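An overview of the molecular structure
Here is how the chains run, residue by residue.
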Amino acid sequence: MRMETSPATKIVVLAGGIGGARFLRGLERAAPAAEITVIGNTGDDISLFGLRVCPDLDTLMYTLGGGINEEQGWGRADESFSVKEELAAYGVGPGWFGLGDRDFATHIVRTQMLDAGYPLSAVTEALCERWLGAPDERRIRLIPMTDDRVETHVVISDSGGQRAVHFQEWWVRLRASVPAESIVAVGSDAAKPAPGVLDAISDADVVLLPPSNPVVSVGTILSVPGIRSAVEGKTVVGVSPIIGGAPVRGMADACLSAIGVETSAGAVAAHYGPDLLNGWLVDTTDEADVTRPADPGITVRSRPLLMTDVDATADIARAALDLATDLR
């Protein structure tokens, strides 16, 4: 028996940036009649040039709305960088974080609305009207994990001694080349789930964890009080972001090392744990995780997990939904 994606099927996805966004395009194709709610990570958010930048929310929005730079997986398509060049000419930084001219417009609108008193969830809803259509026309709803400010910081030691830097500086400027001693979602312990987050989880038939970073994307979302406990009561299936002992893209291995977790599909499943995770998809190259699961409380299946195109990604999403059906 397989999950029928009727209009009544409700799916919640906890997503970070590139991996989560690309998985969602496949999920749209695999479940065209489903109601899909995406709870987006905001721990990567940062203030730059007087503007509030939400990298994961924007990557999700641009990807689902057809405006993403496909080669990079982030930023706008057909982008130019005149403003960045002018800022550099004035000696205004940081130069390591490149915002394109089209992208600047999104951050200006967001910052103006936030300064006017609108919460991030309302701002995100307004921005999504351009990219995803009016709420009653929309196939996917995007909600930030919280309206409260949460920022992921990384503790490192370098020539300047031990210090904490914003995740974006560690990730983008340093390319995670300096080992992280700890990773902290500053503000998450006092944050509240954004309006609609807990209701969406409560109503969901299945919760999916896409191949997003398990530490600074999915992990940060789960760190907001109330979200993990709500998810634990649902049928939860995850897709491994690790293939053959390495992240598919990005530097998730550096994040896993910081919290003492081995970079393997089985270790990530054990990190999530059986209280949260019911089913786990691993790549066929990680067959050992099927025969010797990291935790006996988690049902593990294997299949090719490379998201080479939308069709291949849709097959992965269908496999996740099929596993969820078998577990319910």
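Below is a short write-up of the structure. (Residues numbered from 1 in each chain as written. Predicted model: local features only at pLDDT ≥ 70, side-chain atom pairs only at ≥ 80, totals over all residues. Heavy atoms only, no water.)

Overview of the sheet that holds strand 13 (residues 279-282)
Applicable threshold: Two strands are said to pair when DSSP picks up at least two bridges between them. Here a helix means four or more residues in a row that DSSP labels H or I, a strand means two or more in a row labelled E, and each is numbered from the N terminus. Think of each axis as a best-fit line through the C-alpha atoms, taken over the contacting stretch in the case of a helix, with angles from 0 to 180 degrees between the N-to-C directions. Note on contacts: a residue pair qualifies if any of its non-hydrogen atoms lie within 4.5 Å across the two residues.
With parallel pairing, seven strands are arranged side by side in an open sheet as 5-2-1-9-10-13-14. In the strand order of this sheet, the two ends are held by strand 5 (140-144) and strand 14 (299-302), each with one partner. Along the sheet, successive strands turn relative to each other by an average axial angle of 20°, direction set aside. In terms of strand pairing, strand 1 (residues 10-15) meets strand 2 (residues 35-40) through six bridges, oriented parallel. Its bridge partner being in strand 2, K10 is matched across the sheet by E35. Across the sheet, helix 1 (residues 18-30) is in contact with strand 1, strand 2, strand 5, strand 9 (206-209) and strand 10 (236-239); its angle to strand 1 comes to roughly 165°. Contacts between helix 13 (residues 310-327) and the sheet are confined to strand 1, strand 9, strand 10, strand 13 and strand 14, with strand 13 contributing the most and set at about 150° to the helix.

Points about the pairing of strand 9
For clarity, the cut-off: For every residue, the accessible area (1.4 Å probe, protein chains only) is compared with the maximum for its type, and the residue is labelled buried under 20%, exposed over 50%, or partly exposed between those bounds.
Every second residue of strand 9 is oriented toward a common face, with V206 and L208 on one face and V207 and L209 on the other, all of them buried. When strand 1 meets strand 9, the two strands line up parallel, connected through three bridges. Residue V13 lies in a different strand from strand 9, and its bridge partner there is L208. Across three bridges, strand 9 lies against strand 10 in parallel orientation. Within the sheet, the bridge partner assigned to V207 lies in strand 10 and is V236.

Some points on the sheet that holds strand 8 (residues 182-186)
In space, the three strands of this open sheet follow the order 7-6-8, with antiparallel pairing throughout. With partners counted over all chains shown, the strands left at the sheet margins are strand 7 (161-166) and strand 8, one partner each. Recorded for the sheet is a direction-independent mean angle of 25° between the axes of neighbouring strands. Sheet analysis places strand 6 (residues 151-158) next to strand 7, joined by six bridges and oriented antiparallel. Counted as the bridge partner of H153 is H166 from strand 7.

Remarks on helix 13
Our working rule: Take the number of residues in a helix, subtract one, and multiply by 1.5 Å to get its expected span. Under the rule applied, a polar contact is a pair of N or O atoms within 3.5 Å (in protein, one hydrogen donor and one hydrogen acceptor; residues adjacent in sequence only if both atoms are side-chain atoms).
For helix 13, with 18 residues, the first-to-last C-alpha span of 26 Å sits near the 26 Å given by 1.5 Å per residue. Along helix 13, the residues classified as buried are T313, A314, I316, A317, A319, A320, L321, L323, A324 and T325. Next to the buried residues of helix 13 lie strand 1, helix 1, strand 9, strand 10, strand 13 and strand 14. Sitting at the amino-terminal end of helix 13 is D309, which places a side-chain oxygen 3.2 Å from the backbone nitrogen of D311.

A word on the packing of helix 1 against helix 13
Rules: Under this scheme an angle from 65 to 115 degrees is roughly perpendicular, one under 35 degrees roughly parallel, and one over 145 degrees roughly antiparallel; angles in between are oblique. Three categories are distinguished: nonpolar for Ala, Val, Leu, Ile, Met, Phe, Trp, Tyr, Cys and Pro, charged for Asp, Glu, Lys and Arg, and polar for the others, with Gly belonging to the last.
Running from amino to carboxyl end, helix 1 crosses helix 13 at an angle of 75°, the nearest separation of the two axes being 7 Å. The orientation of helix 1 with respect to helix 13, classified from their angle, is roughly perpendicular. Seen from helix 1, the contacting residues are R22, F23, R25, G26, L27, R29 and A30; seen from helix 13, they are V310, D311, T313, A314, I316, A317, R318 and L321. Taken together, the residues that form the contact of helix 1 with helix 13 break down as eight nonpolar, two polar and five charged.

Re the nonpolar core
Going by this rule: Buried Ala, Val, Leu, Ile, Met, Phe, Trp, Tyr and Cys residues that are joined via side-chain atoms within 4.5 Å together make up what is termed a nonpolar core.
L14, W170, L209, I227, V231, Y272 and W280 are the most contacted members of the largest nonpolar core, which totals 53 residues. Not counting residues within four places of it along the chain, the set of residues in contact with I227 comprises M145, P193, V197, L198, I201, I221 and L222. Membership of the second largest hydrophobic core comes to 43 residues, among which are F23, C128, W131 and A324.

A closer look at the pattern of salt bridges
As a reminder of what qualifies: We count a salt bridge whenever a side-chain nitrogen from Lys or Arg sits within 4 Å of a carboxyl oxygen from Asp or Glu.
Scanning all chains against the criterion turns up eleven salt bridges. For D158, the salt bridge identified is with R163, shortest N-O distance 2.7 Å. For R163, a relative accessible area of 29% corresponds to the partly exposed category. R301 is paired through a salt bridge with D326; the nearest N and O atoms lie 2.7 Å apart. Linking R301 in strand 14 with D326 in helix 13, this pair joins segments that are 25 residues apart in sequence. Since its relative accessible area comes to 31%, R301 is described here as partly exposed.

Some remarks on the packing of helix 2 (residues 55-65) against helix 4 (residues 101-115)
The criterion, for reference: By convention, the crossing between two helices is left-handed when the near helix turns anticlockwise from the far helix through less than a right angle, and right-handed when the turn is clockwise.
Look at helix 2 against helix 4: their axes get within 12 Å of each other, and the N-to-C directions meet at 120°. As judged from the angle between their axes, helix 2 and helix 4 are oblique. As for the relative orientation of helix 2 and helix 4, their crossing is right-handed in sense. Touching D58, M61 and Y62 of helix 2 are D103, T106, H107 and R110, all from helix 4. Of the residues assigned to the contact of helix 2 with helix 4, the class counts are two nonpolar, two polar and three charged.

A few points about empty space enclosed by the protein
The following threshold applies: Cavity means a closed set of points on a 1 Å grid over the protein atoms alone, one where a 1.4 Å probe fits but cannot get out, pocket means an open set with protein on both sides within 12 Å along at least 5 of 7 lines, and lining means a residue has an atom within 4 Å of a point. Grid points are joined across faces, edges and corners, and a volume is the space filled by probe spheres set on the points.
Considering all chains together, one arrives at one cavity of 30 Å³ or more under this definition. Empty space within the largest cavity amounts to approximately 40 Å³. Along its surface, the largest cavity is lined by I18, A21, R22, R25, T59, T63, I68, N69, E70 and G73. For the lining of the largest cavity, the secondary-structure elements that each account for two or more residues are helix 1 and helix 2. The element that contributes the greatest number of residues to the lining of the largest cavity is helix 1, accounting for four residues. Along the lines of polarity and charge, the residues of the lining of the largest cavity split into three nonpolar, four polar and three charged.

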